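What follows is the residue order along each chain.
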Amino acid sequence: MSTKHLLALLNSHIDGDEEQFLSVALQAAAMEARQGRMEDAEKLKRLVQKARDQQRAGRPAGGQTPIPLARPRGELQGLVESSYPKLTLENMVLADDVRQRLSRVVLQQQERATLRDHGQVPVTHMLLVGPPGTGKTMTASALAGELRLPLFTVRLESLFSRFFGETSSKLRLLFDEIARTRAVYLLDEFDAIGARRGDPNDVGEIRRVLNSVLAFMEEPNSTDSLVLAATNHVEILDEALARRFDEVIEYSVPDPRAARAVLERRLGKFKLAAKAWTAISPELEGLSQGELVRAADSVVRDAILEQASSVSLDALRAALHNRQALKGKFRRGR
């Protein structure tokens, strides 16, 4: 076995990534076979198959392995919140191109040892941009669920301090954790630290923070952690920072077909008659996934309490209309 395979085995063992561990073992078996050591290759393959059989026998319902427990330590406890999502991309209503790009990211992460064997590395830094409620935060949960990794959500407001220079040192703690613990890290409202340098409202501390982030983006990601930055205001991000992301994925409000899919999924057993969708289609226009979900939830709660078997068309139309009205008030207030 080469040193490269041994390192990959140790890394997957440390990360608790059993599937990757077995994948590397199969690569070692293939190498043994190419060098004519067929008996050793067969032994390795049999052991991998035995491990997978035991893995399947011991898995919980749904066939998923448990997510390795990991929690922020020390000073990071006030900066990072940990969760263990079971959500997957299948649970999301996404535009076809967005789904394809996210699926490629998952595949690259799952096959990262194979990519490294060929001198390549998986996508590890992603920028998610789009209006509020369009699925950026949910994407972080779905990717963590797909990869069976913990999700660490960084509280950016906790990074800023009135004490000179302390913010950069807190960022260093975060970057060290990313290098130490493989997980999905979400930096929400990223424009708070990624604003353009030289902005008239900029202060020295913000500029130092941005320079720290730029330096971090150049560091090798030794754990292949997935770092997601999400923003509603891509237009104010520093261009030098935006260029350092491996992938930039744009989210938008759903079209009428996708909006209906969101509502149907959320309504669940409280179905709406097929002919009713035409009547409410004008109310769907311009609403985000988050707004659609909240409208659906409000009528489902009422239906449960009323012991109804379906939701009322008038009730759903009113809930959607309220969301549209609220959206209009915010627009006028700007």
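Residues numbered from 1 in each chain as written. Predicted model: local features only at pLDDT ≥ 70, side-chain atom pairs only at ≥ 80, totals over all residues. Heavy atoms only, no water.

**Student:** Teacher, can you tell me more about the overall build of the chain here?
**Tutor:** Counting secondary structure elements, the chain contains 15 helices and 6 strands. Across the 334 residues that make up the chain, the buried fraction comes to 44%. Long-range pairs, those at least 24 residues apart, make up 78% of the contacts in the chain with a sequence separation of at least 6. When the accessible area of the chain is evaluated, it comes to approximately 18300 Å², of which 53% is carbon and sulfur surface. (Helix = DSSP H or I, 4+ residues; strand = E, 2+ residues; numbered from the N terminus. Buried < 20%, exposed > 50% of the residue type's maximum accessible area, 1.4 Å probe, protein only. Contact = heavy atoms within 4.5 Å. Areas by Shrake-Rupley, 256 points an atom, 1.4 Å probe, with all protein chains shown as cover.)

**Student:** Explain the nonpolar core here, please?
**Tutor:** Note on soluble globular proteins: their nonpolar side chains tend to be buried together. In this structure, V80, L127, L174, F190, V213, L241 and F245 are the most contacted members of the largest nonpolar core, which totals 28 residues. Only β2 (125-129), β3 (151-154), α8 (166-180), β4 (184-187), α10 (204-218), β5 (226-231) and α11 (239-242) provide two or more residues apiece to this core. What F190 contacts, discounting residues up to four positions off in sequence, is L127, L156, V213, A229, A230, T231, L237, L241 and F245. In this structure, V98, L186, L228 and A230 belong to the second largest nonpolar core, which totals 24 residues. (Core = buried A, V, L, I, M, F, W, Y, C linked by side-chain atoms within 4.5 Å.)

**Student:** Just checking my understanding: could you explain the confidence of the model for the chain for this structure?
**Tutor:** Confidence in the prediction for the chain averages 80 pLDDT; 81% of positions are at 70 or higher. Within the model, pLDDT remains below 50 along residues 59-65, and this stretch shows 7 contacts once partners closer than five positions in the same chain are excluded. (pLDDT = per-residue confidence, 0-100.)

**Student:** Just checking my understanding: could you explain the pattern of salt bridges for this structure?
**Tutor:** A side chain of one charge can pair with a side chain of the opposite charge if their charged atoms are brought near each other. Tallied over the full model, the rule gives 9 salt bridges. Where E39 meets K43, a salt bridge forms, and the shortest distance between an N and an O atom there is 3.9 Å. Here K43 and E39 lie together in helix α3 (residues 38-58), a separation of 4 residues that amounts to about one turn. For E39, a relative accessible area of 58% puts it in the exposed group. Looking at K43, the relative accessible area reads 41%, which means it is partly exposed. Between E264 and R260 there is a salt bridge, with the nearest N and O atoms lying 3.1 Å from each other. Taken together, the positions of E264 and R260, both in helix α12 (residues 256-267) and 4 residues apart, correspond to about one turn of that helix. Taken together, the salt bridges that share partners define one network made up of R112, R116 and D224. (Salt bridge = Lys/Arg side-chain N within 4 Å of Asp/Glu carboxyl O.)

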